[in-house]
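Reading the structure
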Amino acid sequence: MNRHLLSTADLRREDALLVLDTAEQMARLSDRAVKKLPTLRGRTVVNLFFEDSTRTRTSFELAAKRLSADVINFSAKGSSVSKGESLKDTALTLEAMGADAVVCRHPASGAPHRLAGWVRGSVLNAGDGTHEHPTQALLDAFTIRRRLGRLDGLAVTIVGDVLHSRVARSNVWLLHTLGVKVTLVAPPTLVPHGVSAWPVDVSYDLDAVLPASDVVMMLRVQQERMSAAFFPTEREYSRRYGLDADRAATLPEHALVMHPGPMVRGMEISSEVADSARSTVVEQVANGVSVRMACLYLLLGGAYERDEREVTR
Amino acid sequence: MTSGQVPGPAEAWLLRAVRPLGGERADLLLAGGRIARTGAAGTLDATETGAQVLDADGLYALPGFVDLHTHLREPGREDAETVESGTRAAALGGYTTVFAMANTHPVADTAGVVEQVWRLGRDAGHCEVRPVGAVTEGLAGKRLAELGAMATSAAAVRVFSDDGHCVADALLMRRALEYVKAFDGVIAQHAEEPRLTEGAQMNEGTCSARLGMAGWPAVAEEAIIARDALLAGHVGSRLHVCHVSTAGSVEIIRWAKSKGWRVTAEVTPHHLLLTDELAATYDPVYKVNPPLRTAEDVEALRAGLADGTIDAVATDHAPHAPQDKETEWSAARPGMLGLQTALSIVIDTMVTTGLLDWAGVAERMALAPARIGGLPDVPVDVRSSMGVGAAATLTLVDPEARWVVDPARFASRSRNSPYRGMTMPGQVHATFLAGRPTVLDGKIV
Ligand SMILES: [Zn+2]
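Procedures and definitions
Numbering of residues starts from 1 in every chain and runs along the sequence as written. Each chain takes a letter, starting from A, and each ligand takes a number, starting from 1, following the order in which they are written. At least 70 in pLDDT is required for a residue's local features to be given in this predicted model, at least 80 for side-chain atom pairs to be given and counted, and no such filter applies to totals for whole chains, interfaces and linings, which use all residues. For the side-chain quantities, the full set of heavy atoms in the structure was used; hydrogens and water were omitted. Starting at the N terminus, helices and strands are each numbered in turn, a helix being any DSSP run of H or I of at least four residues and a strand any DSSP run of E of at least two. What the globule rule says is 2.2 Å times the number of residues to the power 0.38, and the radius of gyration is computed from C-alpha atoms. In what follows, a contact means two residues having at least one pair of non-hydrogen atoms within 4.5 Å. In these tables, accessible area is a Shrake-Rupley quantity obtained with a 1.4 Å probe, and a residue counts as shielded only by the protein chains included in the view. Charge counting treats Lys and Arg as positive and Asp and Glu as negative, with His and both chain ends excluded. A single reference atom marks each charge: NZ on Lys, CZ on Arg, CG on Asp, CD on Glu. For the exposure calls, accessible area comes from a 1.4 Å probe over protein chains only, and a residue counts as buried if that area is under 20% of its type's maximum, exposed if over 50%, partly exposed in between. By salt bridge we mean one thing: a side-chain nitrogen of Lys or Arg within 4 Å of a carboxyl oxygen of Asp or Glu. Residues are called lining when one of their atoms sits within 4 Å of a cavity or pocket point, these points coming from a 1 Å grid over the protein atoms alone, where a cavity is a set in which a 1.4 Å probe fits but cannot get out and a pocket is an open set with protein on both sides within 12 Å along at least five of seven lines. Grid points are joined across faces, edges and corners, and a volume is the space filled by probe spheres set on the points. When residue character is reported, Ala, Val, Leu, Ile, Met, Phe, Trp, Tyr, Cys and Pro are called nonpolar, Asp, Glu, Lys and Arg charged, and the others, Gly included, polar. Excluding water, the donors of a metal are its N, O and S neighbours within 2.8 Å, or within 3.2 Å for Na, K and Ca, and that exclusion means sites may look incomplete. Here the rule is simple: two strands pair whenever DSSP picks up at least two bridges between them. Helix axes use the C-alpha atoms of the stretch in contact, all axes being lines fitted to C-alpha atoms, and the angles between their N-to-C directions lie in the range 0 to 180 degrees. Throughout, a disulfide means two cysteine sulfur atoms within 2.5 Å of one another.

What follows covers the overall build of chain A. What chain A contains, in helices and strands, is 12 helices and 9 strands. Its C-alpha atoms give chain A a radius of gyration of 19 Å, within 12% of the compact-globule value 20 Å for 313 residues. Based on the C-alpha atoms only, the size of chain A along its principal axes is roughly 55 × 45 × 35 Å. When contacts within chain A are restricted to residue pairs at least 6 apart in sequence, long-range pairs at least 24 apart make up 75% of them. Total accessible area on chain A is roughly 12,600 Å²; 50% of this is exposed by carbon and sulfur atoms. Computed over 38 positive and 37 negative side-chain charges, the separation of the two mean positions in chain A equals 4 Å.

This is how it looks when you write it as structure tokens:
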């Protein structure tokens, strides 16, 4: 394992599989009455969230606590961070507190990379701008493997605002590494200009792609994209790229419908589909805790030997 | 006018065995602010003139460099740079004139501010400072600044630019181009269609897609250059294009020149060397506007500079305080230091590669920018810049020197150099401004 988890692009196949296998063990633990492991007793995990995300923060918090780590929630709201303290000063503060791991959510792409240069502990990217969200991709892969029994050779279709989606980026690299054939479907305005270098197929036609998809992953579409002329109206977007029951019926019998949440029901996904048996939305939340436990365990407790000499300031 | 910089009549220098433009060794006698005499190496006598002798064996003489694009940050951001510190960096980089960009606080959009900057430069005495005037009031792109008042001020402004911002309004740009004809001014455009670059962080392409950063597309530069070239052609005015960064821009400028329109262009050292791949570090020391582009763009820029499509090298020296760079990428200010590394990068990218000879370096770093900027007394060609009667405004370069970039040792107040730790070819040994040394043995005089 690397010292940090910043991007799925630098996860080797064996590392990714190790995370998934470890998460499997963690998931079995969750079925027990006493859900705690002593593994990270005495270690400190800081949740450093510069963006509101109760679900992701809670998931990391629960994961760290189940491993018996001390957890500090350091939220940007109401703290010195929102009063203009720099990311670097915050990093040095965390360093002084002796953080063994920093879980960082930040609106700027690359902020966790910067942080990793300033702290000694491991940095886990919990979503940075429009760049990546590695644990989301790992939990998605974990969910697919649990449901369908494998990843290698599957066809996964990712639908929606790929341009602004950190979930899409992390999934593209990870799923490719794990042998999945990835197809991106979006209006051309929401496909990144440089997508030709990605190991994916791109389609503008959702209906053409669905019958050959083992998994369809719907991305949230934010309303503000409309005002920036990425598409004309919510209704038109929904009609062309939304997943409703009629469309879902064209999927193969076994196919899954996934969504990283929070969903905009009626926009990219209909309630009927979101609540159907194909949908993994609720499982994804539960699996998130197991996968984040696995990541913290591997970065802090196990595979990575800390080396003081690696610190750069 | 520049009394602080004119040498005393007694000050004379004999440059012994220097190689003008990298050619045959020769002696140059500098006296009265001019090249007073030339002769074969070892033949001129210092005693009769009382000249100090500089053993210049192994050094090349070039006309003093002129930078059309320097941010000196004074007034307003003296924590990042001052006229004093910036012009020291300039002299050490071989520059004898810098054009100080107008995006200061307050903006250099009145005669008062440009005269203040000009006086600060004169008092510092390390090189000539020619203030650039803002095109529009407050760089706001709404109303023309008092261009005529700046032109007739003591600062004698000839170059006008809203640099940092594009004069995006087509009508305002047309008017500005027309208006400055009255005093042979030039509009230096920062070509960036603002709607296409809202929130932009780096070159739009495969790297920005992977890194999840909002893209700054080449077309945002090229569309403005095409429009402005057409406007300049239409009204017969002079247009100068700042920091050309894309292959497409080179093509458009080549086309505009083929029409006979009065369009000139500059390229920065960083766009000749660095590419957008560096953004993968998320280290904002590589954040600059226009952004670093692709290897294909770099190649086209070098070719354009070699064939004269791009007239000049300009540094876009942009000092920033640490707190404006030691941040996440999107919060950082764009820009990088350039004055003390420009020559080395030109050697590395243009001379070592065989694209330019030393006369070419002199043309692109000294004469062409001097002509574009409307400096007086520009030699008619590179040869005559080394001849008797030419201004003794010279840069002596040690072409064999190798040095490692350590920004802590720069004269600039800021440290935001993207070249930290790189080994650079060629070093400025001495700089002469109208016969007076501003740098000797690589140190400020
Ligand atoms: Zn500019």
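The structure having been displayed, the exposition proceeds.
The next subject is the overall build of chain B. Scanning chain B from terminus to terminus reveals 11 helices and 19 strands. Here the C-alpha atoms of chain B give a radius of gyration of 21 Å, agreeing with the 22 Å that 2.2 N^0.38 yields for 445 residues. Taken over the C-alpha atoms alone, chain B extends approximately 65 × 45 × 45 Å along its principal axes. Looking at the 445 residues of chain B, the share that counts as buried comes to 62%. Within chain B, counting contacts between residues at least 6 apart in sequence, those at least 24 apart form 73% of the total. When the accessible surface of chain B is split by element, carbon and sulfur atoms take 50% of a total near 15,500 Å². Of the charged side chains in chain B, 40 are positive and 54 negative, and the gap between their average positions amounts to 3 Å.

What follows deals with unusual backbone geometry. Backbone torsion omega between B:Glu74 and B:Pro75 reads 5 degrees, so that peptide bond is classified as cis. Residue placement: B:Pro75 occurs in the loop between β6 (65-70) and α1 (83-92). For the peptide bond that leads from B:Asn289 to B:Pro290, omega is 0 degrees, which places it in the cis range. Summarising the element assignment, B:Pro290 is placed in the loop between α8 (269-273) and α9 (295-307). One non-glycine residue, A:Ser68, lies in positive phi territory at about 70 degrees.

Attention now goes to the pattern of salt bridges. All names here are of chain A. Taken as a whole, this structure holds 36 salt bridges over all chains when the rule is applied. One salt bridge connects Arg57 with Glu61, and the closest N-O pair in it is separated by 2.9 Å. One end of the pair is Arg57 and the other is Glu61, both in helix α2 (residues 54-66) and 4 residues apart, which spans about a single turn. Look at Arg57 and you get partly exposed, because its relative accessible area is 24%. On the basis of relative accessibility, which here comes to 15%, the residue Glu61 falls in the buried class. Several salt bridges converge on common partners, so that one network encompasses Arg12, Glu14 and Asp15.

With that settled, the discussion passes to the layout of surface pockets. In this structure, the largest pocket encloses a volume near 1,000 Å³. As for the largest pocket, its lining consists of 34 residues, and the residues nearest its centre are A:Leu163, A:His164, A:Phe230, B:Glu198 and B:Ala214. Breaking the lining of the largest pocket down by element, the ones donating at least two residues are α8 (224-227) of chain A together with α5 (206-211) of chain B. Each residue belonging to the lining of the largest pocket can be placed in one class, and the counts come to 13 nonpolar, 16 polar and 5 charged.

Further remarks concern the coordination of the zinc ion. Residues and elements named next belong to chain B. All of the protein donors around the zinc ion are Asp163 (OD), His190 (ND1) and His243 (NE2); their distances to the metal are 1.9 to 2.2 Å. Spacing between the donor residues of the zinc ion along their common chain follows D-x26-H-x52-H. Separated by 27 residues along the polypeptide, Asp163 in the loop between β9 (159-160) and α4 (170-179) and His190 in the loop between β10 (186-189) and β11 (202-203) bring together distant segments of the chain. His190 matches Asp163 in its accessibility class, with the two residues each being buried.

With that out of the way, let us pick up the sheet that holds strand β8 (residues 215-218) of chain A. All names here are of chain A. Pairing is parallel in the open sheet, where 5 strands are placed in the order β7-β6-β5-β8-β9. In this open sheet, the two strands that pair with only one neighbour each are β7 (201-203) and β9 (256-258). Direction aside, neighbouring strands of the sheet carry axes that sit 20 degrees apart on average. With 3 bridges connecting them, strand β6 (residues 181-185) and β7 associate as parallel partners. Paired with Thr183 across the strands is Asp201, a residue of β7.

Moving on to the state of the cysteines. Evaluated as defined, the whole model comprises 0 disulfides over all chains. Between A:Cys104, a free cysteine, and A:Cys295, which holds the nearest cysteine sulfur, the sulfur-to-sulfur gap is 15 Å.

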